[in-house]
Amino acid sequence: MKGWKRMTILVTGGAGFIGGNFVLDWLAQSDEPVVNLDKLTYAGNLQTLAPLEGDARHVFVRGDIGDRACVDALLAKHQPRAVINFAAESHVDRSIHGPGEFIHTNVVGTFQLLEAVRGYWQALPQADKAAFRFLHVSTDEVYGSLAPQDAPFAETNRYEPNSPYSASKAASDHLVRAWHHTYGLPVLTTNCSNNYGPYHFPEKLIPLVIRNALAGQPLPIYGDGQQVRDWLYVGDHCSAIRRVLEAGRPGETYNVGGWNEKANLEVVNTICATLDALKPRADGQSYANQITFVTDRPGHDRRYAIDASKLMRELGWRPAETFDSGIRKTIEWYLANQDWVQSVESGQYREWVAKQYGETA
Ligand code: NAD
Ligand code: DAU
């Protein structure tokens, strides 16, 4: 982009799973600096960003997207050409136990961030104003749950969020849409399916199962394990976001998915079989013997599936990984990075596991 004094992007939530992968990927492919604003909740981990230590292209700031003074100061100081909003409370089960933080960050925080960005954007010179982008990272869960024969979610599906988490994300999407419609802010929204890959916090299904398998603990399957998710390797999500930022049309939403619908039990069996091959149990038994069926999640959505054809057709994006290649890479990464897993298992993590699973995980 021409005309900018400085090329810089502001990323929020860049110490979390997807934001952390995005920042690492971005700086592996570009010299454009990243200002990374993250509150460092239980889900934020500076260890993920350790490869960037001493790298002048990465500026980390601990702060809340809902803190207007903090965001105003960052925008004024760094003059970014784009803001990419990953910051959120992201775990459905936690939203069921305590929705308050989800409203605080996902709804009020997004509102405050939008207001700060609007003030900054409105004062930009015309060319910079036209080139500016606010990219909001959202989820397929805003569309609700599909029946087995339903077509995958398209961008035109109505919003039917079912959990406190998805309702808070739906609210944030509506705010982003309104800031475009009313104020003209050049926004882009992406609605993505379930991600997996390196640096995934072990409260979510895939990293939890890898962690518990290796620790000799139960692998908890909610209900009958036949709920379906559409899995996307996190590196493919990062490439989609880069592409939407580069070429997406302001005001548009883009669904991002991997065409990888799998039932949870199938995912867990695949992880067990891969671990059996890569790191067999000392007793020669399969990790699948650790599978344990537990009480279902309240209001559990049965099936998600994403139709990503708009993104493919209009912007030429394609996922590089299949589920088989991505899950193998992921398991190999966890086997090679057990120190990272240990670094996130603080007292807070153990408290969560005790609250959610009792003695079973
Ligand atoms: P995550 O929970 O791993 O990370 C969230 C990050 O945001 C953490 O680093 C946390 O410290 C930070 N954060 C939380 N509240 C904040 C606040 N008020 N101010 C600043 N930082 C704050 O989440 P994730 O899985 O990386 O998800 C990132 C985004 O992508 C979220 O918006 C989520 O809704 C969306 N998303 C996630 C998935 C998925 O499968 N994980 C799929 C689709 C969309
Ligand atoms: O679809 C995108 C969403 O995917 C994101 O917006 C969310 O931020 C992300 O957390 C994820 O939500 P899910 O609820 O689908 O992910 P989770 O890993 O928590 O669960 C995946 C499936 O596995 C779901 O059907 C619940 C089930 N599950 C999960 C856990 C943690 C189990 O059976 N046992 C478990 O212990």
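Check the entry above for the structure.
Cut-offs applied
- Just so you know, the residues in each chain are numbered from 1, in the order the chain's sequence is written.
- Chain letters and ligand numbers both follow the written order, the letters beginning at A and the numbers at 1.
- Where local features are concerned, this predicted model is filtered to residues with pLDDT of at least 70; where side-chain atom pairs are given and counted, the filter is 80 or more; whole-chain, interface and lining totals use all residues.
- Note: side-chain values were computed over all heavy atoms of the structure, leaving out hydrogens and water.
- Whether a residue is near a molecule or strand depends on its heavy atoms: it is near if one of them lies within 4 Å of it.
- The term polar contact refers here to a pair of N or O atoms within 3.5 Å; inside protein, the definition further demands a hydrogen-donor-capable atom paired with an acceptor-capable atom, and it admits residues adjacent in sequence only when both atoms are side-chain atoms.
- Per-residue and other accessible areas were derived by the Shrake-Rupley procedure at a 1.4 Å probe size, with only the shown protein chains allowed to occlude residues.
- Only DSSP runs of H or I with at least four residues qualify as helices, and only runs of E with at least two residues qualify as strands; both kinds are numbered from the N terminus onward.
- Under the convention adopted here, Pro, Cys and the residues Ala, Val, Leu, Ile, Met, Phe, Trp and Tyr are nonpolar, Asp, Glu, Lys and Arg are charged, and Gly plus all remaining residues are polar.
- With axes taken as lines fitted to C-alpha atoms, and helix axes fitted only over the stretch in contact, angles between N-to-C directions fall between 0 and 180 degrees.
- Orientation is classified from the angle alone, with under 35 degrees giving roughly parallel, over 145 giving roughly antiparallel, 65 to 115 giving roughly perpendicular, and any other angle giving oblique.
- Note on convention: near helix rotated counterclockwise from far helix by under a right angle means a left-handed crossing. Clockwise means right-handed.
- Here a residue-residue contact requires only that any non-hydrogen atoms of the pair lie within 4.5 Å.
- Exposure classes here rest on a 1.4 Å probe applied to the protein chains alone. A residue is buried below 20% of its type maximum, exposed above 50%, and partly exposed in between.
- Strand pairing is defined by DSSP finding a minimum of two bridges between the two strands.
- A side-chain nitrogen of Lys or Arg and a carboxyl oxygen of Asp or Glu constitute a salt bridge if their distance falls within 4 Å.
- Whether two aromatic rings pair depends on their centres lying within 6.5 Å, for rings of Phe, Tyr and Trp, where Trp uses its six-membered ring; planes under 30 degrees apart make the pair stacked, over 60 edge-to-face, and the rest tilted.

### Some details on the site of ligand 2
In the vicinity of ligand 2, 24 residues are found, and the nearest of them are Thr139, Asp140, Tyr165, Arg297 and Tyr357. Within the contact set of ligand 2, an oxygen atom lies 2.6 Å away from a side-chain nitrogen or oxygen of Tyr165. Burial of ligand 2 by the protein chains amounts to 95% of its free accessible area of 690 Å². Taken together, the elements giving at least two residues each to the shell around ligand 2 come down to helix 7 (205-214) and strand 8 (219-222). Of the residues that constitute the shell around ligand 2, the class distribution is 10 nonpolar, eight polar and six charged.

### Considering the site of ligand 1
Around ligand 1, a shell composed of 28 residues is seen, among which Ile18, Asp38, Ser90, Tyr165 and Lys169 lie nearest. Contacts to ligand 1 include Lys39, whose backbone N or O atom sits 3.0 Å from a nitrogen atom. In this structure, an oxygen atom belonging to ligand 1 sits 2.6 Å away from a side-chain N or O atom of Tyr165. Alone, ligand 1 offers 840 Å² of accessible surface; in the complex the protein occludes 97% of this. Those elements that place two or more of their residues in the shell around ligand 1 are helix 1 (17-29), strand 5 (133-139), helix 6 (164-183) and strand 7 (194-196). Top contributing element to the shell around ligand 1 by residue count: strand 5, with three residues.

### Here's the deal with the packing of helix 4 (residues 100-122) against helix 6
Where helix 4 contacts helix 6, the two axes come as close as 8 Å, and the packing angle between them is 15°. Judged on the interaxial angle alone, helix 6 and helix 4 are roughly parallel. Here helix 4 and helix 6 pass one another in a crossing that is right-handed. Listed contacts from helix 6 to Phe102, Ile103, Asn106, Val107, Thr110, Phe111, Leu114, Glu115, Arg118 and Trp121 of helix 4 are Tyr165, Ser168, Lys169, Ala171, Ser172, Leu175, Val176, Trp179 and Tyr183. Of the residues in the contact of helix 4 with helix 6, the class split is 12 nonpolar, four polar and three charged.

### Quick look at the pairing of strand 4 (residues 82-85)
Consecutive side chains along a regular strand alternate between the two faces of the sheet. Going residue by residue along strand 4, you find Ala82 and Ile84 tucked away on one face and Val83 and Asn85 tucked away on the opposite face as well. Bridge count between strand 4 and strand 5: four bridges; the pairing is parallel. Its bridge partner being in strand 5, Val83 is matched across the sheet by Phe134.

### Looking at the pattern of salt bridges
This model, assessed by the stated rule, comprises 22 salt bridges. The partner of Arg57 in a salt bridge is Asp55, with the nearest N and O atoms 2.7 Å apart. Overlapping salt bridges bring together Arg249, Glu252, Lys310 and Glu314 as one network.

### What to know about unusual backbone geometry
Phi at Leu40 is positive, roughly 55°, even though this residue is not glycine. Within the fold, Leu40 resides in the loop between strand 2 (34-38) and strand 3 (58-62).

### As for the packing of helix 9 (residues 264-278) against helix 11 (residues 323-336)
Following both chains from N to C, one finds helix 9 and helix 11 inclined at 55°, their axes separated by 10 Å at the closest point. Classed by the angle they form, the pair helix 9 and helix 11 counts as oblique. Pair helix 9 / helix 11 crosses with right-handed handedness. Contacts between helix 9 and helix 11 involve Val267, Thr270, Ile271, Thr274, Leu275 and Leu278 from the former and Phe323, Ile327, Arg328, Ile331, Glu332 and Leu335 from the latter. Residues that form the contact of helix 9 with helix 11 fall into these classes: eight nonpolar, two polar and two charged.

### Remarks on the sheet that holds strand 4
As summarised here, the arrangement of the seven strands in space is 3-2-1-4-5-6-10, forming an open sheet in which the pairing is parallel. Two strands close off the open sheet at either side, each with one partner strand: strand 3 and strand 10 (253-256). Taken over all neighbouring pairs, the strand axes of this sheet differ in orientation by 20° on average, direction set aside. By the bridge criterion, six bridges tie strand 5 to strand 6 (residues 187-192) in an arrangement that is parallel. From the neighbouring strand, Thr139 faces strand 6, where its bridge partner is Cys192. Seen against the sheet, helix 2 (residues 68-78) touches strand 1 (9-12), strand 2, strand 3 and strand 4 and runs at an angle of roughly 175° to strand 2. Each of strand 1, strand 4 and strand 5 touches helix 4; the most contacted strand, strand 5, lies at about 165° to it.

### Focus: the packing of aromatic side chains
All told, the structure shown has 20 aromatic pairs when counted by the stated rule. Both rings, one in Tyr196 and one in Phe323, keep their centres 5.4 Å apart while their planes meet at 55°; by these two values the pair is tilted. Remark: Phe323 occurs in helix 11 and Tyr196 occurs in strand 7; sequence separation between them is 127 residues. On the basis of relative accessibility, which here comes to 1%, the residue Tyr196 falls in the buried class. On the accessibility criterion, Phe323 (2% relative accessible area) is buried. Centre to centre, the rings of Tyr199 and Trp340 are 5.8 Å apart; their planes meet at 75°, and the pair counts as edge-to-face. Of this pair, Tyr199 sits in the loop between strand 7 and helix 7 while Trp340 sits in helix 12 (residues 338-344), placing them 141 residues apart in sequence. Since its relative accessible area comes to 16%, Tyr199 is described here as buried. By relative accessible area, which is 4% here, Trp340 ends up buried. Within the aromatic cluster, the residues linked to one another by ring pairs are Tyr143, Phe153, Tyr159 and Tyr304.

Geometric descriptors of this kind do not, in isolation, establish any biological role.
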